[in-house]
Amino acid sequence: ITCYNSLGASGANTKTLTVAGPLPPTVTTSSATLVNASGATLNGSANPRLTSATGWFRYSATNPVTCNDTFGTRVPATGGTALGSGSVSVPYSEVVTGLNSLTAYYFCAISSNTGGMGVGSVLSFTTSNVPPTAAITIPSGDISSTQGAAVSFDGDGSDTDGTISAYEWRDGSC
C-alpha cells in the first residue's frame, strides 16, 4: 500500500493475503440402525463446506481404531451419496447385507470434495443371533390316529452358533 497526499508518497508497505482453497468436509458417524442377524443400516452425515461432496462408509469385523479409506469393505464399492455443496450437515446412509450373525462390526462415515477427505469416528454394532431351526422327522407326513392311541414323533434342530438350550413339543394350539 502506498499513500499519497499533497506532499508526496508515504512509502510502501506490502502484506500478503493468502486465500485458502476448498476445505474438506466435516464428517460425523452416527449409530447403525435396523441391525439384524445378517445386516444393518450405516448412518452418517457430512457438511460439504460449500464444495460438491460425496459420502460413503467403510466397515469390517476388525477394529481399525481410526477411520481411514483403506480398511475393510467400502459401501458403496464405488461412488457414493451426492451430498451437494451446501454449508450444513447432510445425512446419508447405506444398507449392508451378508454379515455374519453374533459378530461385532466396526464402521465409519467418510466424505470427500475437491478440498480433500473428511472422516468420522469409528463406531460398532453387533449383529443378532439367527433363530434355531426345528423339523419333525418322524412321521414324514400327516397321520391319522384314534383318541388314546400312542403316536411317536421324532425331531431335529440346529442353530448356526451351535447352542440349543431346549426342545419343546407343543400341540397345535400355539
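The notes below deal with the structure included here. Bear in mind the structure is a predicted one, so any value in this text is a computation, not a measurement. (Residues numbered from 1 in each chain as written. Predicted model: local features only at pLDDT ≥ 70, side-chain atom pairs only at ≥ 80, totals over all residues. Heavy atoms only, no water.)

Let's shift gears to the overall build of the chain. A count of helices and strands for the chain gives zero helices and 13 strands. When the helices and strands of the chain are read in sequence order from the N terminus, they spell out β-β-β-β-β-β-β-β-β-β-β-β-β. Within the chain, the proportion of its 174 residues that are buried is 28%. Here the analysis covers contacts within the chain between residues at least 6 apart in sequence; of these, 63% occur between residues at least 24 apart. Per element, the accessible surface of the chain, about 11,200 Å² overall, is 53% carbon and sulfur. (Helix = DSSP H or I, 4+ residues; strand = E, 2+ residues; numbered from the N terminus. Buried < 20%, exposed > 50% of the residue type's maximum accessible area, 1.4 Å probe, protein only. Contact = heavy atoms within 4.5 Å. Areas by Shrake-Rupley, 256 points an atom, 1.4 Å probe, with all protein chains shown as cover.)

Ordered in space as β3-β4-β8, the three strands form an open sheet in which the pairing is antiparallel. Either end of the sheet is taken by a strand with one partner, and the two such strands are β3 (26-33) and β8 (90-97). Between one strand and the next, the sheet's axes are offset by a mean angle of 20°, whatever the strand orientation. For β3 and strand β4 (residues 39-47), the ladder comprises six bridges, and the chain directions are antiparallel. The residue of β4 that forms the bridge with T26 is N47. (Pairing = 2+ DSSP bridges. Axes fitted to C-alpha atoms, helices over the stretch in contact; angles between N-to-C directions.)

Our focus in this paragraph is the side chain of T41. Looking at the element boundaries, T41 is found in strand β4. Excluding residues within four positions of it along the chain, T41 makes contact with A32, T33, L34, S93, E94 and V95.

What follows covers the state of the cysteines. If you walk through the whole model with that rule in mind, you get one disulfide. Paired through a disulfide, C67 and C108 show a sulfur-sulfur distance of 2.0 Å. Disulfide C67-C108: torsion about the S-S bond near 65°, hence right-handed. Of the two residues, C67 sits in the loop between β5 (53-60) and β6 (73-75) while C108 sits in strand β9 (residues 104-113), which places them 41 residues apart along the sequence. Just as C67 is buried, C108 falls in that class too. (Disulfide = S-S within 2.5 Å.)

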